[in-house]
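Single-letter residue listing:
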Amino acid sequence: MDAWLPVLSEFGFPVIVTLYLLHRIENKLDLVNQSILKLPENLYQQTYRGVEQKKMIE
């Protein structure tokens, strides 16, 4: 137990900060992943709307 105290006091804070930052980055990466997965559908909808608008103008 006495051997763990210096290791914990030396590396404890950086480990906690790293875990916190990884948790925050993970949430943001999930949002980026969802956006990328929806991108083809959104591009198709925009293209389809553009074709419809051109037909209405003509």
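Up top you'll find the structure we're talking about.
Now for a description of the structure that goes with this document. Every residue gets a number counted from 1 within its own chain, in the order that chain's sequence is written. Residues qualify for local features only when their pLDDT is at least 70, as the model is predicted, and side-chain atom pairs are given and counted only at 80 or more; totals for whole chains, interfaces and linings, by contrast, use all residues. To obtain the side-chain values, all non-hydrogen atoms of the structure were used and water was disregarded.

This part is about the overall build of the protein chain. Numbering of helices and strands runs from the N terminus, with a helix taken as a DSSP run of H or I at least four residues long and a strand as a DSSP run of E at least two residues long. Along its length, the protein chain carries one helix and zero strands. Working definition: with a 1.4 Å probe on protein chains only, accessible area under 20% of the residue-type maximum means buried, over 50% means exposed, and in between means partly exposed. Taken across its 58 residues, the protein chain has 2% of its residues classed as buried. Per-residue and other accessible areas were derived by the Shrake-Rupley procedure at a 1.4 Å probe size, with only the shown protein chains allowed to occlude residues. In the structure as shown, the protein chain presents an accessible area of about 6,000 Å², 67% of it carried by carbon and sulfur atoms.

A cluster of nonpolar side chains, W4, V7, F11, V15, I16, L19 and L22, forms an exposed patch at the surface whose accessible area comes to about 750 Å². Here I16 is to be found in helix 1 (residues 4–57). The residues that make up patches have over 30% relative accessible area and no salt bridge, and they are joined within 9 Å when like-charged or within 5 Å when they are Val, Leu, Ile, Met, Phe, Trp or Tyr. Criterion for a salt bridge: a side-chain nitrogen of Lys or Arg within 4 Å of a carboxyl oxygen of Asp or Glu.

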